[in-house]
Amino acid sequence: MLFRALSTLSKKVSKAVYRVPLAMKPQVVFVLGGPGAGKGTQCAKIVESYSYTHLSAGDLLRAERSREGSEVGQLIDSYIKEGKIVPVEITISLLRKAMEETMNLDKEKFRFLIDGFPRNQDNLQGWSKVMDGKADVRFILFFECSNQVCIDRCLERGKSSGRTDDNRESLEKRRTCSRRPIIELYEKQGKVRSVDASRDVDKVFADVKKILDKEG
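Every chain begins its residue count from 1, and numbering advances along the sequence as written. For a predicted model such as this one, the threshold for reporting local features is a pLDDT of at least 70, and the threshold for listing and counting side-chain atom pairs is 80 or more; totals across whole chains, interfaces and linings nevertheless cover every residue. To obtain the side-chain values, all non-hydrogen atoms of the structure were included, while hydrogens and water were left out.

Visitor: Could you clarify how one ought to interpret the UniProt feature "binding site: ATP" (unreviewed entry) in the protein chain in this entry?
Guide: Sequence positions flagged by UniProt for "binding site: ATP" (unreviewed entry) are, in local numbering, Gly 36, Ala 37, Gly 38, Lys 39, Gly 40, Thr 41, Arg 157 and Arg 199. Only protein chains enter the accessibility calculation, which uses a 1.4 Å probe. A residue is then buried if its area is under 20% of the maximum for its type, exposed if over 50%, and partly exposed in between. By relative accessible area, Arg 199 is classed as partly exposed at 28%. UniProt positions are given in the numbering used here, feature names are shortened, and annotations may be inferred rather than shown by experiment.

Rendered as structure tokens:
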């Protein structure tokens with residue numbers, strides 16, 4: 001089932017032909033932090049003030065699992081409910097397809113915030129294999145927040161979000177997915193920009209603005 005589903009996604013991605021100059025490769029900022037760290041909220045504020053397109057790996061996966069007729073929908077659903085990481089091939093195929101569609105519609109839309117990815121070394125290896133030379137990772141925007149604050153925020157969000165993964169058991173599993181090796185790797189390259197995400201939204205965004213204004 002996984003092989004057939006991935007094959008279908010791959011064919012869909014291959015049909016998306018770039019209609020932008022080759023020099024205009026996607027410029028990517030990976031946005032990392034635990035569930036509840038405020039990644040989505042901050043990305044929304046960035047989009048309002050800067051020329052970025054926000055792509056949430058989680059949102060793309062949730063949209064695909066609810067899409068009627070999707071061959072990978074049930075598979076994605078089972079992984080998310082159990083708090084497990086969806087196979088990297090599926091996630092990258094969805095991200096790549098979304099970037100290509102965005103750039104085909106508007107050649108000026110080549111800067112992307114990719115929220116919640118990569119979550120582990122397997123994700124990063126998959127990205128390097130599929131996207132090597134096809135996109136430039138500018139830096140990682142890392143929202144640091146304690147486990148308890150993140151869990152409390154998600155449980156409160158879960159009262160109205162309708163998300164099946166906003167429960168304590170799933171959250172505990174997701175928190176065990178260590179992003180530290182990813183952060184350490186990019187730190188060695190001087191590409192990590194950390195923000196204290198335990199504060200209120202406006203204070204966090206003030207720091208985010210300083211980073212983006214400096215990066216240009």
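Okay, back to it.
Visitor: Got a minute to help me understand the sheet that holds strand β1 (residues 27-32) in this structure?
Guide: Pairing between sheet strands relies on hydrogen bonds along the backbone, with the strands arranged either parallel or antiparallel. Between any two strands, at least two bridges found by DSSP are needed for them to pair. Starting at the N terminus, helices and strands are each numbered in turn, a helix being any DSSP run of H or I of at least four residues and a strand any DSSP run of E of at least two. Taken in spatial order, the 5 strands line up as β2-β3-β1-β4-β5 in an open sheet, and their pairing is parallel. Unpaired on one side and paired on the other, β2 (53-56) and β5 (192-196) mark the two borders of the sheet. With strand direction ignored, the average angle separating the axes of adjacent strands in the sheet is 25°. Bridge analysis of β1 against strand β3 (residues 111-115) gives 5 bridges, and the strand direction is parallel. In the strand pairing of β3, Val 28 is matched with Phe 112. Any pair of residues with heavy atoms lying within 4.5 Å of one another is described as a contacting pair. Here an angle of 0 to 180 degrees is reported between the N-to-C directions of two axes, which are lines fitted to C-alpha atoms, with helices fitted over the stretch in contact. Running over the sheet, helix α5 (residues 88-105) touches β1, β2 and β3 and is turned about 155° from β3.

Visitor: Please clarify how helix α3 (residues 57-66) should be interpreted in this entry.
Guide: Side chains of residues three or four places apart in an α-helix project in the same direction, reflecting 3.6 residues per turn. Residues of α3 that are buried include every one of Ala 57, Leu 61, Arg 62, Glu 64 and Arg 65, and no others. Summarising the axial view, the buried residues of α3 lie within an arc of 165°, below the 170-degree limit, and thus occupy one face. Where α3 is buried, its residues contact β2, α4 (73-81), α5 and β3. Each C-beta atom gives one direction from the helix axis, and the arc is the one those directions make.

Visitor: What should I look at first to understand the pairing of β1 in this one?
Guide: The side chains of a regular strand alternate between both faces of the sheet. In terms of burial, β1 is a largely internal element, 6 of the 6 residues being buried. Both faces of β1 are covered, namely the face carrying Gln 27, Val 29 and Val 31 and the face carrying Val 28, Phe 30 and Leu 32. Direction of pairing for β1 relative to strand β4 (residues 136-144): parallel, over a ladder of 6 bridges. Within β4, the position partnered with Val 28 by the bridge is Val 137.

Visitor: Help me out: how do you make sense of the packing of aromatic side chains in this one?
Guide: Geometrically, a pair of aromatic rings is defined through the distance of the ring centres and the angle of the planes. In this scheme Phe, Tyr and Trp rings, the latter by its six-membered ring, pair at centre separations within 6.5 Å, and the angle between planes marks the pair as stacked below 30 degrees, edge-to-face above 60, and tilted otherwise. Within the structure shown, the criterion is met by 4 aromatic pairs. When the centroid spacing of 5.2 Å and the interplanar angle of 80° are considered together, the rings of Phe 30 and Trp 127 count as edge-to-face. Of this pair, Phe 30 sits in strand β1 while Trp 127 sits in helix α6 (residues 121-131), and the two are 97 residues apart along the sequence. Exposure class is identical for Phe 30 and Trp 127. Each is buried. Aromatic side chains Phe 30 and Tyr 186 sit 6.4 Å apart centroid to centroid with 75° between the ring planes, which places their arrangement in the edge-to-face category. Residue Phe 30 is found in strand β1, and its partner Tyr 186 is found in helix α9 (residues 180-188); the two are separated by 156 residues along the sequence. The buried category is assigned to Phe 30, whose relative accessible area is 0%.

Visitor: Quick question: what am I supposed to make of the nonpolar core here?
Guide: One recurring pattern in soluble globular proteins is that nonpolar side chains are buried together. Counting 25 residues, the largest nonpolar core has Phe 30, Met 99, Ile 114, Phe 117, Trp 127, Ile 140 and Tyr 186 as the members making the most contacts within it. At the level of elements, β1, α5, β3, α6, β4 and α9 are the ones that each hand at least two residues to this core. Considering every element that reaches this core, the biggest residue donor is α5, with 6 residues. Tyr 186 has contacts with Phe 30, Leu 124, Val 137, Ile 140, Lys 191 and Val 192, leaving out every residue within four places of it along the chain. Among buried residues, the Ala, Val, Leu, Ile, Met, Phe, Trp, Tyr and Cys ones that are joined through side-chain atoms within 4.5 Å form a nonpolar core.

Visitor: What exactly am I supposed to notice about the confidence of the model for the protein chain here?
Guide: Segments scoring low in pLDDT should not have their predicted coordinates read at a detailed level. In predicted models, pLDDT denotes the confidence assigned by the predictor to each residue on a 0 to 100 scale. When the pLDDT values of the protein chain are averaged, the result is 82; 77% of them are 70 or greater. Throughout residues 12-23 the model reports pLDDT below 50, and contacts reaching past four residues in sequence, or to other chains, amount to 16 contacts.

Visitor: Just to check I follow, could you spell out the pattern of salt bridges for this structure?
Guide: Pairing between side chains becomes possible if they bear opposite charge and their charged atoms approach one another. Here a salt bridge means any side-chain nitrogen of Lys or Arg lying within 4 Å of a carboxyl oxygen belonging to Asp or Glu. By the definition in use, this model includes 12 salt bridges. Residue Asp 136 is joined to Lys 25 by a salt bridge in which the shortest nitrogen-to-oxygen separation is 3.3 Å. Here Asp 136 is found in strand β4, whereas its partner Lys 25 is found in the loop between α1 (2-15) and β1, with 111 residues between them in sequence. In this structure Asp 136 comes out as partly exposed when scored by relative accessible area, which is 30%. Residue Lys 25 is classed as partly exposed on the basis of its relative accessible area, which comes to 25%. A salt bridge links Asp 202 to Lys 45; the shortest N-O distance between them is 3.9 Å. Of the two residues, Asp 202 sits in helix α10 (residues 201-215) while Lys 45 sits in helix α2 (residues 39-49), which places them 157 residues apart along the sequence. For Asp 202, a relative accessible area of 55% corresponds to the exposed category. Ionic contacts of the salt-bridge type, sharing partners, join the residues Arg 65, Asp 77 and Lys 81 into one network.

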